[in-house]
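# Tertiary structure, described
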Amino acid sequence: MSTPTTVDAVVIGAGFSGLYMLHRLRDDLGLDVRVFEATDGVGGTWYSNRYPGAKCDSDAFVYCYSFDPDLLQEWQWSGKYPKQAELLGYLEHVADRFDLRRSIDFGTRVVAAHYDDPSATWTVTTDAGETVRARYLITGIGHLTISKYVPRIPGIETFAGQWFHTGSWPHEGVDLAGKRVGVVGTGSSGVQAIPEIAEQAAHLTVFQRTPQYSIPARHETVDEDFWTDVKEHYGDIFERSRSSAGGFPWQHNGRRALDVTAEERERVYQEAWREGGIKFALGTFRDVSYDLEANRTMSDFLRDRIRETVQDPETREKLVPDYPFLARRPIVDTGYFETYNRPNVELVDVKAAPIEEITPHGIRTAAGEHELDVIVFATGFDAVTGPFFSIDLRGRDGATLTENWAAGPRAYLGLQTVDFPNLFMITGPGATLGNLPLTIETHVDWITECIASMRRDGLTRIEATAQAQEDWSRHVDEEAGRSMITYADSWYNGSNIPGKAKAFVFYFGHFGRYRQTLGDVAADGYKGFALS
Ligand code: N01
């Protein structure tokens, strides 16, 4: 073990969060910063998720950094929802443009971080055996990528073919030509992967437990004129996004779905449907996100679209969800439902006949065996807590997050958790989700200002108070209770992993008002935080 070097701040992760945090602390505050990144490159989720079809399903023109007007003008996206390689290229460009790589240790995983109260510092240990002492520890570890989830299915070790998780797809790709492929899982990753795999493989079997709603991307609805207009109005676009409900520049139309005629509802939904993409979820009636009856009109519209797309009557009915749209994260697809019309694609309902085992030849459900050469697990992640629990984090008096978060993760404003002074979490539990790059910028800017203010005032320790954390967590639960999230199981409420504590992991309130709250808390002398 080396003698610890001392820096002002350690940042874990070099994705969207870590890169911008480094830039702000090092280049704006002049701090000594070390960033540790477990993989060999920048990009975080966009470095790791390389499965066929992986692309951004938020609109790229706002799924990017907004902090530098020149960067916004000089970068040109190729289309509405760019592929993984383009997103990764963007983050590599940012790393080079701001000379960030020289402060990042790549291929270096933080294995432990222990807090020492008398000195108010963190001692961080890496898998290279290095120890670094820092006043501030900041996590930019994401919600998902680190903690891939593969269900424990008996017999997996006997499988004679190859299997992969979408989140750790080999960088050199996998040759699926002529193969019989099985995809388990139809979340955002599965819905993106399935159409591409169907094109490559000889035969594709999709093992679906819960059907999904999905909105067509309609890449063709943006063109040259759109990009010219975006670049001219970027300032305004991000201003609107920052004060919006979801971090995007779209607003609902101000009306309630049940106040208008059925014909008018149909007209509004059809218009948004023709444009496609995530705007469909955010840009129609204001009550579809919280009123079940209003939501039913939108869910019915979507169910009709599935029924008119899928030709085989039996397959069609298996694909129609029975829970409300927006109860899970909205998905945007390119040809997802159309894929089930291909002769080489078969849908297996594993809720009706569960998977019982993996055999040397494939997957056996309660209804029979499906022979496969390759199995793709698009089965998601042990979200939010998984990445934190993968590090031996010890707070004051040896407190651990595994114990403190046994009933579900809690953090004040999604930024700090009790017993862990000077640990900031970029988009930690209880933070808004929204348009993630904008949420990340919101947190990074807040943390930067907080550290700057502490240094000005000669303060060395900041910690969320128990009362503030409790009050915020109650508010998080209330807002989630008002949303559609309560109507389905998913990683949003901790119910995707067997045995995991069920808890709402994000703040589903209004994005703009959340930003306002952060500003007010800072202006009020960091209300809810104990500083010393
Ligand atoms: O994971 P998921 P994901 N047997 O948890 C099924 C982000 N993302 O990787 O619904 C059979 O959503 C499970 O079934 P069920 C985005 O935030 C972003 O797809 O639980 N099936 C479900 O179908 C997203 O929300 C982009 O019944 C099993 C699937 O596996 C998040 O990542 C792209 C099973 C898991 O779906 C996670 O998405 C892709 C079992 N034992 C992802 N266990 C962008 O474009 C699980 N399943 C930005």
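Residues numbered from 1 in each chain as written. Predicted model: local features only at pLDDT ≥ 70, side-chain atom pairs only at ≥ 80, totals over all residues. Heavy atoms only, no water.

Another point: the nonpolar core. For soluble globular proteins, nonpolar side chains are generally found buried alongside one another. By size, the foremost hydrophobic cluster in this structure holds 82 residues, and its most contacted members are Tyr-90, Ile-138 and Trp-446. At 8 residues, the largest contribution of residues to this core is made by helix 15 (residues 436-456). In this structure, this core is formed jointly by two domains, domain 1 (5-147 + 382-531) and domain 3 (221-301), each of which donates at least three residues. Setting aside chain neighbours within four positions, we find Tyr-90 in contact with Phe-16, Cys-64, Tyr-65, Leu-71, Trp-75 and Trp-77. (Core = buried A, V, L, I, M, F, W, Y, C linked by side-chain atoms within 4.5 Å. Buried < 20%, exposed > 50% of the residue type's maximum accessible area, 1.4 Å probe, protein only. Helix = DSSP H or I, 4+ residues; strand = E, 2+ residues; numbered from the N terminus. Domains from an automatic or database assignment. Contact = heavy atoms within 4.5 Å.)

Moving on to the pattern of salt bridges. Counted by the stated rule, this structure contains 38 salt bridges. With a closest N to O distance of 3.6 Å, Arg-24 and Glu-449 form a salt bridge. Of this pair, Arg-24 sits in helix 1 (residues 16-28) while Glu-449 sits in helix 15; the two residues are 425 residues apart in sequence, bridging distant segments of the chain. Residue class for Arg-24 comes out buried when judged on its relative accessible area of 12%. Across the pair Arg-296 and Glu-293 runs a salt bridge whose closest N-O atoms are separated by 2.7 Å. Note that Arg-296 and Glu-293 are positioned in helix 10 (residues 292-309) at a spacing of 3 residues, about one turn of the helix. The partly exposed category is assigned to Arg-296, whose relative accessible area is 39%. One connected set of salt bridges, linked through shared partners, spans Asp-117, Arg-396, Asp-419, Arg-461 and Glu-463. (Salt bridge = Lys/Arg side-chain N within 4 Å of Asp/Glu carboxyl O.)

This part takes up the domain arrangement of the protein. Here the domain parsing of the protein yields domain 1 (5-147 + 382-531), domain 2 (148-213 + 328-380) and domain 3 (221-301). A C-alpha centroid distance of 28 Å is found between domain 1 and domain 3. Taken residue by residue, the interface counts 28 residues in domain 1 and 29 residues in domain 3. Between domain 1 and domain 3, the buried area comes to about 2,300 Å², and carbon and sulfur atoms account for 63% of it. For domain 1, the biggest contributors to the area lost against domain 3 are Phe-61, Lys-80 and Met-484; these three give 28% of the whole. Applying the counting criterion to the domain 1 and domain 3 interface returns 0 salt bridges. Linking domain 1 with domain 3 are 12 residue pairs in polar contact (both at pLDDT 80 or more), by the criterion used here. Of the residues assigned to the side of domain 1 that touches domain 3, the class counts are 11 nonpolar, 11 polar and 6 charged. (Buried area = accessible area lost by both parts, 1.4 Å probe. Polar contact = N/O pair within 3.5 Å; in protein donor to acceptor, adjacent residues only side chain to side chain. Nonpolar A, V, L, I, M, F, W, Y, C, P; charged D, E, K, R; others polar.)

Close to the ligand lie 24 residues, the nearest being Lys-55, Ser-189, Thr-210, Arg-328 and Trp-491. Within the side chain of Thr-210, a nitrogen or oxygen atom sits 2.5 Å from an oxygen atom of the ligand. Take Arg-329: an N or O atom from its side chain is 2.9 Å from an oxygen atom of the ligand. (Near = heavy atom within 4 Å.)

On to a negative patch on the surface. Judged by side-chain charge, Asp-223, Glu-224, Asp-225, Asp-229 and Glu-232 come together as a negatively charged surface patch. On the secondary structure map, Glu-224 appears in helix 6 (residues 224-232). We classify Glu-224 as exposed; its relative accessible area is 63%. (Patch = residues over 30% accessible without salt bridge, like charges linked within 9 Å, V, L, I, M, F, W, Y side chains within 5 Å. Areas by Shrake-Rupley, 256 points an atom, 1.4 Å probe, with all protein chains shown as cover. Lys, Arg positive; Asp, Glu negative; His and termini not counted. Charge placed at Lys NZ, Arg CZ, Asp CG, Glu CD.)

Bringing the packing of aromatic side chains into the picture now. Using the criterion set out here, one finds 45 aromatic pairs in the structure. Seen in terms of ring centroids, Phe-226 and Trp-227 are 5.2 Å apart; in terms of plane orientation they differ by 85 degrees. Their pairing is edge-to-face. On the accessibility criterion, Phe-226 (24% relative accessible area) is partly exposed. Aromatic pair Tyr-336 and Tyr-340: ring centres 5.3 Å apart, planes at 85 degrees, arrangement edge-to-face. (Phe/Tyr/Trp six-rings, centres within 6.5 Å; stacked < 30°, edge-to-face > 60°.)

Looking now at helix 4 (residues 84-97). For helix 4, spanning 14 residues, the distance from its first C-alpha to its last is 20 Å, which sits close to the expected 20 Å at 1.5 Å a residue. Lining the buried residues of helix 4 we find helix 1, helix 2 (45-48) and helix 3 (69-74). (Expected span 1.5 Å × (residues − 1).)

Glancing now at the pairing of strand 1 (residues 5-12). Sheet topology note: the strand 1/strand 6 (residues 131-139) ladder contains 7 bridges and is parallel. Pairing of Ala-9 across the sheet is with Tyr-136, part of strand 6. (Pairing = 2+ DSSP bridges.)

Attention shifts here to the sheet that holds strand 16 (residues 374-377). Two strands in a sheet stick together by hydrogen bonds in their backbones, pointing the same way (parallel) or opposite ways (antiparallel). Taken in spatial order, the 5 strands make up an open sheet running 7-16-8-9-12, and their pairing is parallel. Whereas interior strands pair on both sides, the edge strands pair on one side only; in this sheet they are strand 7 (162-165) and strand 12 (345-349). Going across the sheet, the axis of each strand differs from the next one's by a mean of 20 degrees, ignoring polarity. Note: strand 9 (residues 203-208) against strand 12, 5 bridges, orientation parallel. Its bridge partner lying in strand 12, Leu-204 is registered against Val-345. Lying on the sheet, helix 5 (residues 188-200) is in contact with strand 8 (180-184), strand 9, strand 12 and strand 16; it crosses strand 9 at an angle near 155 degrees. (Axes fitted to C-alpha atoms, helices over the stretch in contact; angles between N-to-C directions.)

Looking at where Gln-162 falls in the secondary structure, it is placed in strand 7. Residues Gln-162 and Val-174 lie 12 residues apart in sequence; the distance between their C-alpha atoms is 9.7 Å. In contact with Gln-162, not counting residues within four places along its chain, are Val-174, Lys-179, Asp-373, Val-374 and Ile-375.

This part is about the packing of helix 15 against helix 17 (residues 511-523). Contact geometry of helix 15 with helix 17 gives a least axis separation of 11 Å together with a crossing angle of 5 degrees. Judged on the interaxial angle alone, helix 17 and helix 15 are roughly parallel. Contacts from Leu-438, Thr-439, Thr-442, His-443 and Trp-446 of helix 15 reach helix 17 at Phe-511, Tyr-514, Arg-515, Leu-518, Val-521 and Ala-522. For the contact of helix 15 with helix 17, the residue count by class is 7 nonpolar, 3 polar and 1 charged. (Parallel < 35°, antiparallel > 145°, perpendicular 65-115°, else oblique.)

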